[in-house]
Amino acid sequence: MHQYLTYTEEVKKALEMGKPVVALETTIISHGMPYPQNVQMAREVEQIIRNNGAVPATIGIMNGKIKIGLNDEELEEFATNEQVEKVSRRDFPYILSSGKMGATTVAATMIAADLAGIRIFATGGIGGVHRGAETTMDISADLTELSHTNVGVICAGVKSILDIGRTLEYLETKGVPVVGFKTEEFPSFYSRESGFGVDFRLDEPEEVGKVLKTKWDLKLNGGIVISNPVPAAHAMYHDQIESVILEALQKADELKITGKNVTPFLLDSIKQLTEGKSLETNIALVKHNAEVAAKIAVAYAGQKSEQLV
């Protein structure tokens, strides 16, 4: 066990027994949703994973340790403490050594999951190339992490506040496969459509498990993006959300919001402009991703078990 990691008993036992485990991030709790919806969502997502045969491992940083799995009190702390730092790859050394509390982004959760031996991770949407990145160079560390860290990431595409086309080009350059789960079109977070395709369509968790195992058997290091569209009943119209995003982006530009503050600001602005509809969609897609991730984790664990027989 790594010196900087601590585990809940549930997660520790699951890993020791080779049971399927699904990693979950904490940035979505601390910076992505308001209270109390954030902690309610976190608990429901964990239960969805258990109901589908896997063990949830919500990851966060507390008291100089990377916690692989959180108890109820710790979840509440991440949901309510306004001093929680947003942690990506660059922030780990400082947050850990200073004993500060840190919520893990997609990149940071991938790093922690990899250290713990967890190969499946469910999130809302991954980061990507920001609009206007040709001048700002604002590109999420999530993308570079996907290029070399062996974790399969189940998401509803990239957040639609980003430049989806350039994000997909970046992933292609870095050799990261983009799978569409039961879709041939890359989803755009709030919407099921984006106008862009995926590299491969897979319709069953077992197929995804085989692809993951084959990739890593071949020593082709790096993750896979498994894009899973938001359920149709909760999806927003692409054109409608796009106009809202443009309004939120203009507001961020006027207020000179930059860096790691951009995404939380935009998500909050979009929630206000859609009168809460975007938050409902966000919660629905995270739950759906958790369900699919649990099924993929079970399938992947089965692949590994067959290899040992």
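In what follows, the structure referred to is the one given above.
Residues numbered from 1 in each chain as written. Predicted model: local features only at pLDDT ≥ 70, side-chain atom pairs only at ≥ 80, totals over all residues. Heavy atoms only, no water.

### Points about the overall build of the chain
1) Next: Of regular secondary structure, the chain possesses 13 helices and 11 strands.
2) Next: A globule of 309 residues ought to have a C-alpha radius of gyration of about 19 Å, and the chain, at 18 Å, matches this closely.
3) Next: Its C-alpha atoms give the chain principal-axis dimensions of roughly 55 × 40 × 35 Å.
4) Next: Residue pairs in contact within the chain that sit at least 24 positions apart in sequence constitute 74% of those at least 6 positions apart.
5) Next: When the accessible surface of the chain is split by element, carbon and sulfur atoms take 49% of a total near 13,700 Å².
6) Next: Side-chain charges of the chain comprise 31 positive and 41 negative groups, with the mean position of each set lying 5 Å from the other. (Helix = DSSP H or I, 4+ residues; strand = E, 2+ residues; numbered from the N terminus. Rg over C-alpha atoms; globule rule 2.2 N^0.38 Å. Contact = heavy atoms within 4.5 Å. Areas by Shrake-Rupley, 256 points an atom, 1.4 Å probe, with all protein chains shown as cover. Lys, Arg positive; Asp, Glu negative; His and termini not counted. Charge placed at Lys NZ, Arg CZ, Asp CG, Glu CD.)

### Notes on the pairing of strand β2 (residues 21-24)
1) Next: Going residue by residue along β2, you find Val 21 and Ala 23 tucked away on one face and Val 22 and Leu 24 tucked away on the opposite face as well.
2) Next: The pairing of β2 with strand β3 (residues 55-62) spans four bridges and is parallel. Pairing of Val 21 across the sheet is with Val 55, part of β3.
3) Next: In the sheet, β2 pairs with strand β7 (residues 120-122) via three bridges, with the strands oriented parallel. Among the inter-strand pairings, Val 22 is bridged to a residue of β7, identified as Ile 120. (Buried < 20%, exposed > 50% of the residue type's maximum accessible area, 1.4 Å probe, protein only. Pairing = 2+ DSSP bridges.)

### Some words on the pairing of strand β8 (residues 152-155)
1) Next: The alternating pattern of β8 places Gly 152 and Ile 154 on one face and Val 153 and Cys 155 on the opposite face, and all of these are buried.
2) Next: Strand direction decides the pairing type here: β7 and β8, joined by three bridges, are parallel. Looking across to β8, one finds that Phe 121 is bridged to Val 153.
3) Next: Pairing of β8 with strand β11 (residues 224-227) involves four bridges; the strand directions are parallel. Within the sheet, the bridge partner assigned to Ile 154 lies in β11 and is Ile 226.

### Digging into the pattern of salt bridges
1) Next: As enumerated under the stated definition, the model contains 15 salt bridges in all.
2) Next: As a salt-bridge pair, Glu 46 and Arg 50 come within 3.6 Å of each other at their nearest N and O atoms. Of this pair, Glu 46 and Arg 50 are both found in helix α3 (residues 37-51), four residues apart, which corresponds to roughly one turn of the helix.
3) Next: The class of Arg 50 is partly exposed, set by a relative accessible area of 32%.
4) Next: Salt bridges sharing partners connect three or more residues here, namely Glu 10, Glu 46 and Arg 50. (Salt bridge = Lys/Arg side-chain N within 4 Å of Asp/Glu carboxyl O.)

### Quick look at helix α4 (residues 72-80)
1) Next: Of the residues making up α4, those classed as buried are Glu 74, Leu 75, Phe 78 and Ala 79. The buried residues of α4 all sit within an arc of 140° when viewed along its axis, so they share a single face.
2) Next: Among the structural elements, α2 (27-30), α3, β3, β4 (65-68) and β6 (102-104) are those in contact with the buried residues of α4. (Arc of directions from axis to C-beta.)

### Let's talk about the packing of helix α6 (residues 106-116) against helix α8 (residues 141-148)
1) Next: Running from amino to carboxyl end, α6 crosses α8 at an angle of 30°, the nearest separation of the two axes being 8 Å. The orientation of α6 with respect to α8, classified from their angle, is roughly parallel. Facing Val 106, Ala 107, Met 110 and Ile 111 of α6, the residues of α8 in contact are Ala 141, Asp 142, Glu 145 and Leu 146.
2) Next: A breakdown of the residues in the contact of α6 with α8 according to their chemical character gives six nonpolar, no polar and two charged. (Axes fitted to C-alpha atoms, helices over the stretch in contact; angles between N-to-C directions. Parallel < 35°, antiparallel > 145°, perpendicular 65-115°, else oblique. Nonpolar A, V, L, I, M, F, W, Y, C, P; charged D, E, K, R; others polar.)

### A word on the packing of aromatic side chains
1) Next: Scanning the model with the defined rule gives two aromatic pairs in all.
2) Next: Look at Phe 189 and Tyr 190: their rings are 4.8 Å apart centre to centre, the planes differ by 75°, and that puts the pair in the edge-to-face class. Accessibility assignment for this pair places Phe 189 and Tyr 190 in one class, buried.
3) Next: Where Trp 216 meets Tyr 300, the ring centres are 5.8 Å apart and the plane angle is 90°; that geometry is what we call edge-to-face. (Phe/Tyr/Trp six-rings, centres within 6.5 Å; stacked < 30°, edge-to-face > 60°.)

### Structural notes on helix α11 (residues 238-254)
1) Next: Compared with an ideal rise of 1.5 Å per residue, which puts 17 residues at 24 Å, α11 spans 24 Å between its outermost C-alpha atoms and is within 8% of the ideal.
2) Next: Among all positions of α11, only Ile 241, Val 244, Ile 245, Ala 248 and Ala 252 are buried. Within α11, the buried residues cover an arc of 105° as seen down the axis, which keeps them to one side. Residues of α11 that are exposed and point more than 90 degrees away from the buried face comprise Asp 239, Asp 253 and Glu 254.
3) Next: Remark: Lys 256 follows α11 within two positions and exhibits a positive phi of approximately 55°. (Expected span 1.5 Å × (residues − 1).)

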